[in-house]
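# Reading the structure
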Amino acid sequence: MLEYLIQQLSNPRSMAMLFAAVAAVATVLTLAMPLLAGDDLSKRMKAVAVEREKIRQRERERLARGEKVALRRSPKQYMQTIVNELNLGKWVGQEEARALLVQAGHRGQAPYITFLFFRLVSPILMLFGSAFYVFFVTELDQPTSIKVGICIVATYLGMYLPILFVKNQISKRQVSIKRAFPDALDLLLICVESGMSIEAAFRKVSVEVGTQSIPLAEELTLTTAELSYLQERRQAYENLAKRTNLDGVKAVCMALQQAERYGTPLGQTLRVMAQENRDMRMAEAEKKAAGLPPKLTVPMILFFLPVLFIVILGPAGIRIAEMK
């Protein structure tokens with residue numbers, strides 16, 4: 001059985017069929033998932049409420065027993081041991097890694113330890129996996145130096161796999177925030193002009209915008225807490241800009257800081273910034289629409305034009321073949 005699997009993996013035709021099957025399944029899932037996906041906000045909010053009650057009950061029992069209470073999720077013990085023994089936080093870059101994790105929505109020590117652990121493990125796994133595939137599974141008619149070079153390249157790619165994963169999460173989170181941010185500014189403007197304070201306005205908007213963008217609701221909720229507890233509101237706005245790392249959010253945070261410092265009306269500031277963010281979103285949509293024709297050129301040449309030629313010239317070719 002093992003020999004048969006190795007033979008199939010080394011067969012280019014079998015690998016091409018496997019990749020084609022995976023691509024077909026991925027295409028079907030990509031088209032079907034939006035139709036099957038429902039509104040998970042109510043389920044998530046209910047799950048959060050249930051989990052909050054469980055945590056509250058558990059912490060009350062711990063307090064009754066006199067145990068220490070941990071408010072954050074602790075990392076795995078073996079991950080913590082490996083990271084501390086090898087001092088991974090020194091050579092990976094502590095501040096940069098924490099900033100990336102915060103932008104991806106992962107806060108606390110546990111995601112940081114997990115990130116450092118996989119920064120160490122993924123190159124090793126890629127090295128052994130590529131070496132096993134190159135030297136034992138496939139029969140490459142290449143010198144040993146080429147095979148070793150392939151393994152080195154795979155190891156180098158493995159070093160950046162955790163970073164690519166985190167950056168992919170950051171990009172998805174930023175897209176969700178960017179789409180809902182102009183509407184959130186409009187709601188914030190309505191709340192401020194109705195007489196609410198900025199803390200109450202942020203709290204109200206974070207509840208209302210959750211149906212459109214859960215990441216933005218999380219950021220606004222955290223900003224509300226920071227506005228209530230930090231000594232300077234400027235620090236809360238700066239933290240919001242750092243966590244999102246979006247130009248539109250940074251501009252709004254800067255405008256809010258200036259309004260807080262110089263006493264300018266918040267309503268006018270929010271109205272201008274909401275219009276600017278809406279124009280930025282429209283400009284980005286127009287940019288994507290303008291770049292669509294060049295992207296469609298290659299698929300049309302490879303897939304549409306051959307089929308069109310077959311449909312047009314096929315009957316004529318059949319008649320010519322019959323006449324002969």
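Please refer to the structure higher up on the page.
To start, this report covers the structure provided alongside it. (Residues numbered from 1 in each chain as written. Predicted model: local features only at pLDDT ≥ 70, side-chain atom pairs only at ≥ 80, totals over all residues. Heavy atoms only, no water.)

## Regarding the overall build of the protein
Looking only at helices and strands, the protein features 14 helices and zero strands. Reading the protein from its N terminus to its C terminus gives the helix and strand order α-α-α-α-α-α-α-α-α-α-α-α-α-α. Counting over 324 residues, the protein shows a buried share of 28%. Counted over contacts in the protein with a minimum sequence separation of 6, partners at least 24 positions apart contribute 63%. Counting only carbon and sulfur atoms, one obtains 64% of the accessible surface of the protein, whose full area is about 22600 Å². (Helix = DSSP H or I, 4+ residues; strand = E, 2+ residues; numbered from the N terminus. Buried < 20%, exposed > 50% of the residue type's maximum accessible area, 1.4 Å probe, protein only. Contact = heavy atoms within 4.5 Å. Areas by Shrake-Rupley, 256 points an atom, 1.4 Å probe, with all protein chains shown as cover.)

## Thoughts on unusual backbone geometry
Located in the positive-phi region is Asn245, a residue other than glycine, with phi close to 60°. Take Asn245: it is sitting in the loop between helix H11 (233–244) and helix H12 (247–262).

## What about the pattern of salt bridges?
Tallying each qualifying case throughout the model produces 14 salt bridges. A salt bridge links Glu284 to Lys178; the shortest N-O distance between them is 3.7 Å. Taken together, the positions of Glu284 in helix H13 (residues 266–290) and Lys178 in helix H8 (residues 144–193) put the pair 106 residues apart, joining distant regions of the chain. The partner of Lys204 in a salt bridge is Glu208, and the shortest N-O contact between them spans 3.5 Å. Highlighted residues: Lys204 and Glu208, both in helix H9 (residues 198–208), separated by four residues, approximately one helical turn. A residue is classified by how much of its surface remains accessible, and Lys204, at 39% relative accessible area, is partly exposed. Classification of Glu208 as partly exposed rests on a relative accessible area of 40%. Salt bridges sharing partners connect three or more residues here, namely Arg107, Arg173, Glu218, Glu219, Glu226 and Arg243. (Salt bridge = Lys/Arg side-chain N within 4 Å of Asp/Glu carboxyl O.)

## Comments concerning the side chain of Arg243
Residue placement: Arg243 occurs in helix H11. Given a relative accessible area of 6%, Arg243 falls into the buried group. Among the polar contacts made by the side chain of Arg243, one reaches the side chain of Thr223 at a distance of 3.0 Å. When near neighbours in sequence (up to four residues on either side) are disregarded, Arg243 contacts Val102, Gln103, Arg107, Glu219, Leu222, Thr223 and Glu226. (Polar contact = N/O pair within 3.5 Å; in protein donor to acceptor, adjacent residues only side chain to side chain.)

## What about the nonpolar core?
Counting residues in hydrophobic clusters, the biggest one holds 31 residues, and the most contacted among them are Leu185, Leu188, Phe202 and Leu216. Every element with two or more residues in this core is listed here: H8, H9, helix H10 (214–229), H11, H12 and H13. Each residue touching Phe202, except ones within four places of it in the same chain, is listed here: Leu188, Leu220, Thr223, Thr224, Leu227, Tyr237 and Leu256. Of all hydrophobic cores here, the second largest spans 14 residues; its members include Val83, Tyr112, Phe117 and Ile163. (Core = buried A, V, L, I, M, F, W, Y, C linked by side-chain atoms within 4.5 Å.)

## A look at the packing of H13 against helix H14 (residues 292–323)
Interhelical geometry of H13 versus H14 gives an angle of 30° and a closest axis separation of 5 Å. As the angle between them shows, H13 and H14 are arranged roughly parallel. Contacts between H13 and H14 involve Lys288, Ala289 and Ala290 from the first element and Leu292, Pro293 and Pro294 from the second. Counted by class, the contact of H13 with H14 contains five nonpolar, no polar and one charged residues. (Axes fitted to C-alpha atoms, helices over the stretch in contact; angles between N-to-C directions. Parallel < 35°, antiparallel > 145°, perpendicular 65-115°, else oblique. Nonpolar A, V, L, I, M, F, W, Y, C, P; charged D, E, K, R; others polar.)

## A look at H10
In an α-helix, one turn spans 3.6 residues; hence positions three or four apart end up facing the same way. Between its first and last C-alpha, H10 extends 23 Å over 16 residues, near the 22 Å set by a 1.5 Å rise per residue. Listed in full, the buried residues belonging to H10 are Pro215, Leu216, Ala217, Glu219, Leu220, Thr223, Thr224, Glu226 and Leu227. Looking at the buried residues of H10, the elements they touch are H8, H9 and H11. (Expected span 1.5 Å × (residues − 1).)

## Focus on the packing of aromatic side chains
Under the definition given, this model contains two aromatic pairs. Residues Phe117 and Phe118 carry aromatic rings whose centres are separated by 5.6 Å and whose planes lie at 80° to one another, so their mutual orientation is edge-to-face. Take Phe117: its relative accessible area is 11%, and that puts it in the buried class. Taking relative accessible area as the criterion, Phe118 reaches 41% and is therefore assigned partly exposed. (Phe/Tyr/Trp six-rings, centres within 6.5 Å; stacked < 30°, edge-to-face > 60°.)

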